[in-house]
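Structural features, examined
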Amino acid sequence: VGAVTMADVLVCSTDPEEHRAVVEAVAAGCQSLRPRLVELRREGLRHFAFDDVVVDRRPVILLCHFCEGRTLLTDTDGLYNAFLLEALRVSDGQVFVGLSGLEKAAAGELAAEAVVDELVATGQTSVEALDVSRRLMTWDTTPSQFQLAHLDAWRSLPSLEPPPGLAAAKHPRRTKGLLCPLL
């Protein structure tokens, strides 16, 4: 049996203190991944580029978001549209999304069905695409052993294609209309 080649996993979060435990869990539970915490600045997410973060190799990317209140992750008014499109580009489609501060997924599941249903009901169809492609995970404070094993098996998953809702939100359809003269 050959040695496992380590890959970098960028654990990206707007709240790195909240997700430090995720980095530790990935380090302890994933044999093929070497985690690195990357702080995201909310003000830079709309036009995000990995230029200053990614070095030589194609990383695996785990976007972590602590959920509180109304969560607009993707699609219309989504916080992470540009980030996810850029992450898909630099990782060759090896992107995962972890939502923390939520109910844990049932045993053997990656994401809590009620959470996915609620986000999709708010118009975030990209969340459904992430869930169907097995790239969405929900947990309270850290991923479960099942979720870590799934993340560690990233090489067996096909590259994720950009969900249609992301591309549509990134390039909104322009409509003809009147401009308010006060603006």
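Notes on the structure follow. (Residues numbered from 1 in each chain as written. Predicted model: local features only at pLDDT ≥ 70, side-chain atom pairs only at ≥ 80, totals over all residues. Heavy atoms only, no water.)

1. Observations concerning the nonpolar core
In terms of nonpolar packing, the biggest core is built from 32 residues, with C12, L40, F50, I61, Y80 and F83 touching the most fellow members. Secondary-structure elements contributing two or more residues to this core are β1 (7-13), β3 (60-66), α2 (81-90), β4 (95-100), α3 (113-121) and α4 (125-132). Counting residues per element, this core draws most heavily on α2, at six residues. With residues up to four places along the chain from it excluded, the contact list for Y80 reads T14, L40, L45, L63, C64, H65 and L73. V9, L148, L151 and W154 belong to the second-largest nonpolar core, a separate cluster that totals 20 residues. (Core = buried A, V, L, I, M, F, W, Y, C linked by side-chain atoms within 4.5 Å. Buried < 20%, exposed > 50% of the residue type's maximum accessible area, 1.4 Å probe, protein only. Helix = DSSP H or I, 4+ residues; strand = E, 2+ residues; numbered from the N terminus. Contact = heavy atoms within 4.5 Å.)

2. Comments concerning the sheet that holds β4
One open sheet accounts for five strands, arranged β2-β1-β3-β4-β5; its pairing is parallel. Across the chains shown, the open sheet's two edge strands, defined by having one partner strand only, are β2 (33-39) and β5 (136-138). Taking the axes of each pair of neighbouring strands and ignoring which way they run, one obtains an average angle of 25° across the sheet. As defined by bridge partners, β1 adjoins β3 across five bridges and the pair is classed as parallel. Its bridge partner being in β3, V9 is matched across the sheet by V60. (Pairing = 2+ DSSP bridges. Axes fitted to C-alpha atoms, helices over the stretch in contact; angles between N-to-C directions.)

3. What about the side chain of S100?
Inspection of the secondary structure assignment puts S100 in strand β4. A distance of 3.0 Å separates the side chain of S100 from the side chain of H19, its partner in a polar contact. If we ignore the near neighbours within four places in the chain, the residues touching S100 are H19, H65, F66, C67, W139 and D140. (Polar contact = N/O pair within 3.5 Å; in protein donor to acceptor, adjacent residues only side chain to side chain.)

4. Things to note about empty space enclosed by the protein
As enumerated under the stated definition, the model contains one cavity of 30 Å³ or more in all. By volume, the largest cavity is sized at about 40 Å³. Taken together, L63, L73, T74, Y80, L84, V97, V127, L130 and L136 make up the full set of residues lining the largest cavity. Split into classes, the residues belonging to the lining of the largest cavity amount to eight nonpolar, one polar and no charged. (1 Å grid on protein atoms, 1.4 Å probe; cavity = no way out; pocket = protein on both sides within 12 Å on 5 of 7 lines; lining within 4 Å. Points joined across faces, edges and corners; volume = space filled by probe spheres on them. Nonpolar A, V, L, I, M, F, W, Y, C, P; charged D, E, K, R; others polar.)

5. A short note on the packing of aromatic side chains
Counting across every chain of the model gives four aromatic pairs. Seen in terms of ring centroids, F48 and F50 are 4.8 Å apart; in terms of plane orientation they differ by 85°. Their pairing is edge-to-face. When its relative accessible area of 17% is taken as the criterion, F48 is described as buried. When the centroid spacing of 5.5 Å and the interplanar angle of 50° are considered together, the rings of F50 and F83 count as tilted. Pair noted here: F50 is in the loop between β2 and β3 and F83 is in helix α2, with a separation of 33 residues, a long-range link. Of the two residues examined, F50 and F83, each falls in the buried class. The ring of F96 carries the charged tip of R135 above its face, separated from the ring centre by 4.8 Å. (Phe/Tyr/Trp six-rings, centres within 6.5 Å; stacked < 30°, edge-to-face > 60°. Lys NZ or Arg CZ within 6 Å of the ring centre and 35° of its normal.)

6. Quick look at a negative patch on the surface
Residues E109, E113, D117 and E128 make up a contiguous surface patch of negative charge. With respect to the element layout, E113 can be found in helix α3. You can call E113 exposed: its relative accessible area is 61%. (Patch = residues over 30% accessible without salt bridge, like charges linked within 9 Å, V, L, I, M, F, W, Y side chains within 5 Å. Areas by Shrake-Rupley, 256 points an atom, 1.4 Å probe, with all protein chains shown as cover. Salt bridge = Lys/Arg side-chain N within 4 Å of Asp/Glu carboxyl O. Lys, Arg positive; Asp, Glu negative; His and termini not counted. Charge placed at Lys NZ, Arg CZ, Asp CG, Glu CD.)

7. Side note on the pattern of salt bridges
Proximity of charged atoms lets side chains of opposite charge pair with each other. In total, this model carries four salt bridges according to the counting rule given. For R20, the salt bridge is made with E17, and the minimal N-O distance between the two is 2.8 Å. With R20 and E17 both in helix α1 (residues 16-29) and three residues apart, this pair spans about one turn of that helix. Under the relative-accessibility criterion, R20 is labelled partly exposed at 38%. With a relative accessible area of 57%, E17 lands in the exposed category. In this structure, R89 engages E86 in a salt bridge whose closest nitrogen and oxygen atoms are separated by 2.7 Å. One end of the pair, R89, and the other, E86, are both in helix α2, three residues apart, so they sit about a helical turn from each other. Take R89: its relative accessible area is 48%, and that puts it in the partly exposed class.

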